[in-house]
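Single-letter residue listing:
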Amino acid sequence: MKLVRKDLEKDNAGQVTLIPEEPEDMWHTYNLLQVGDSLRASTIRKVQTESSTGSVGSNRIRTTLTLCVETIDFDSQACQLRVKGTNIQENEYVKMGAYHTIELEPNRQFTLAKKQWDSVVLERIEQACDPAWSADVAAVVMQEGLAHVCLVTPSMTLTRAKVEVNIPRKRKGNCSQHDRALERFYEQVVQAIQRHINFEVVKCVLVASPGFVREQFCDYMFQQAVKTDNKLLLENRSKFLQVHSSSGHKYALKEALCDPAVTSRLSDTKAAGEVKALDDFYKMLQHEPDRAFYGLKHVEKANEAMAIDTLLISDELFRHQDVATRARYVKLVDSVRENMGTVRIFSSLHVSGEQLGQLTGVAAILRFPVAELSDQEDECSSEED
């Protein structure tokens with residue numbers, strides 16, 4: 001994301017002009033947009049024209065509109081963002097108050113104005129505009145006959161390819177059908193890796209599977225690479241890291257990211273940090289339940305006691321339609337930071353973010369036990385549900 005201009009007043013009202021450069025920047029933009037914001041961008045409008053003879057025709061005209069945002073629609077796989085709202089600025093083609101939908105695109109500038117820019121939104125702009133926050137991890141989660149090729153960016157896990165091949169069982173004295181199907185499966189996975197993984201950006205490719213599937217696959221891939229003199233794979237061989245997972249489904253990626261070998265290799269990535277924080281929370285919940293709480297009311301009480309060491313919170317909560325509720329989450333984040341606590345904002349498009357969402361989207365690891373909270377735990381959890 002490129003920051004073109006930032007004009008903020010003392011009360012944090014103002015506008016920001018940005019240019020999304022990567023597909024993931026559309027996810028950042030989705031998290032910046034809120035109902036009631038003002039969005040100015042170039043768009044195409046179908047306009048009816050009448051000629052001197054009285055015949056009516058229609059033309060598609062590119063114009064710049066300013067909308068008051070009413071509906072935001074994001075397609076996470078295609079990374080497309082559509083914003084619907086009413087026109088609030090004079091335009092020769094569109095009447096004031098008329099509805100229009102703007103489709104925001106990479107490399108097309110837009111200006112977003114808010115009555116108040118809070119700390120969480122401003123932090124996201126900083127992250128989006130920092131080139132270090134790029135997709136530096138890829139993963140192939142597989143089992144016999146099923147594989148998912150994923151990109152793990154700082155904000156989401158994108159499934160780039162799903163490979164499914166029916167593998168017949170081995171038969172006594174005849175394994176040829178099984179072996180041929182397995183080879184066909186491996187070949188399709190290799191093609192998906194070459195098509196969807198940019199080795200110039202990716203620092204590490206995790207190959208995760210149960211049993212010996214990952215070893216057999218990697219042996220096959222690099223044997224073929226030597227035979228065909230595939231320089232792309234051979235030059236990046238050191239980036240492939242084999243780890244265990246319970247299956248070839250996407251959710252098994254969390255296990256792979258939890259592996260100590262992976263954690264040390266990816267210690268500088270946000271995704272690994274999120275997984276470790278959630279893992280630490282579950283361990284604390286199991287061994288010292290007085291120091292691990294979830295649910296907004298519970299976590300707020302812990303924060304009042306200045307007991308929060310690490311706050312885990314889903315970015316989904318900052319998209320809440322109710323301004324007061326959203327402000328409550330922002331206040332919690334600011335307060336934990338003021339009290340020298342660590343805040344980890346999880347992406348709801350990551351596997352770890354999905355799991356945190358099942359725990360109400362907000363959880364905390366405490367510095368010390370807070371006795372009165374423990375007594376109310378069951379009551380508070382049921383209220384959140």
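Residues numbered from 1 in each chain as written. Predicted model: local features only at pLDDT ≥ 70, side-chain atom pairs only at ≥ 80, totals over all residues. Heavy atoms only, no water.

1. Brief notes about helix H1 (residues 25-32)
Since the α-helix packs 3.6 residues into each turn, any two residues three or four apart lie on the same face.
Thought 1: Of all the 8 residues making up H1, 8 are buried; the element is thus mostly covered by neighbouring parts of the structure.
Thought 2: Of the residues making up H1, those classed as buried are Asp25, Met26, Trp27, His28, Thr29, Tyr30, Asn31 and Leu32.
Thought 3: Buried-residue contacts for H1 involve strand E2 (14-19), strand E4 (56-75), strand E5 (80-87), strand E6 (99-104), strand E7 (110-114) and helix H2 (119-128). (Buried < 20%, exposed > 50% of the residue type's maximum accessible area, 1.4 Å probe, protein only. Helix = DSSP H or I, 4+ residues; strand = E, 2+ residues; numbered from the N terminus. Contact = heavy atoms within 4.5 Å.)

2. Quick word on the sheet that holds strand E15 (residues 342-346)
Thought 1: If you trace the 4 strands from one edge of the open sheet to the other, you get E13-E16-E14-E15, paired in mixed fashion. Edge positions in the sheet fall to strand E13 (292-294) and E15, since each of these pairs with one other strand and no more. Taken pair by pair, the neighbouring strands of this sheet meet at an average axis angle of 15°, ignoring direction.
Thought 2: Two strands pair when backbone bridges link them, and strand E14 (residues 308-314) and strand E16 (residues 362-366) are joined in this way by 5 bridges, in the antiparallel orientation. What sits directly across from isoleucine 308, in E16, is leucine 366.
Thought 3: Strands in contact with helix H10 (residues 323-338) are E14, E15 and E16; relative to E14, the strand with the most contacts, it is inclined by about 150°. (Pairing = 2+ DSSP bridges. Axes fitted to C-alpha atoms, helices over the stretch in contact; angles between N-to-C directions.)

3. With respect to the domain arrangement of the chain
Accessible area lost during the coming together of the parts is what is often quoted as the interface size.
Thought 1: By domain assignment, the chain separates into domain 1 (1-131), domain 2 (135-267) and domain 3 (269-378).
Thought 2: Computed from C-alpha atoms alone, the centre-to-centre distance between domain 2 and domain 3 is 33 Å. (Domains from an automatic or database assignment.)

4. Overview of the packing of H1 against H2
Thought 1: Put simply, H1 and H2 touch, their axes get as near as 10 Å, and they point 170° apart. Here H2 runs roughly antiparallel to H1, going by the angle between their axes. Crossing hand, H1 versus H2: left-handed. For the pair formed by H1 and H2, the contact residues are Asp25, Trp27, His28, Asn31 and Leu32 on the first element and Val121, Arg124, Ile125 and Ala128 on the second.
Thought 2: Split into classes, the residues belonging to the contact of H1 with H2 amount to 5 nonpolar, 2 polar and 2 charged. (Parallel < 35°, antiparallel > 145°, perpendicular 65-115°, else oblique. Left-handed = near helix turned anticlockwise from the far one by under 90°. Nonpolar A, V, L, I, M, F, W, Y, C, P; charged D, E, K, R; others polar.)

5. Overview of unusual backbone geometry
Thought 1: Positive phi values are uncommon outside glycine, yet asparagine 12 reaches one of about 70°.
Thought 2: By secondary structure assignment, the location of asparagine 12 is in the loop between strand E1 (2-8) and E2.
Thought 3: With phi around 55°, methionine 306 is a residue other than glycine that occupies positive phi space.
Thought 4: Its location among the elements puts methionine 306 in the loop between helix H9 (296-304) and E14.
Thought 5: On the accessibility criterion, methionine 306 (48% relative accessible area) is partly exposed.

6. Comments concerning the nonpolar core
Thought 1: In terms of nonpolar packing, the biggest core is built from 32 residues, with Met142, Phe185, Val189, Ile193, Phe217, Met221 and Phe240 touching the most fellow members.
Thought 2: Elements with a minimum of two residues in this core: strand E8 (137-143), strand E9 (146-152), strand E10 (157-164), helix H3 (176-196), strand E11 (204-209) and helix H4 (213-228).
Thought 3: Broken down by element, this core gets its largest block of residues, 8 residues, from H3.
Thought 4: Residues within four places of phenylalanine 240 in sequence aside, it is in contact with Ile193, Phe199, Val205, Val207, Met221, Phe222 and Leu233.
Thought 5: Among the nonpolar cores identified, the runner-up in size contains 30 residues, and Ala98, Ile102, Ile125 and Ala128 belong to it. (Core = buried A, V, L, I, M, F, W, Y, C linked by side-chain atoms within 4.5 Å.)

7. Concerning the confidence of the model for the chain
Thought 1: Per-chain confidence: the chain averages 87 in pLDDT, with 91% of residues scoring 70 or above.
Thought 2: Every residue in residues 380-385 scores below 50 in pLDDT, and together they form 8 contacts with partners more than four places removed in sequence or on other chains. (pLDDT = per-residue confidence, 0-100.)

8. Topic: H9
Thought 1: Among all positions of H9, only Leu296, His298, Val299, Glu300, Ala302 and Asn303 are buried.
Thought 2: Positioned one or two residues after H9, methionine 306 has a phi angle of 55°, which is positive.

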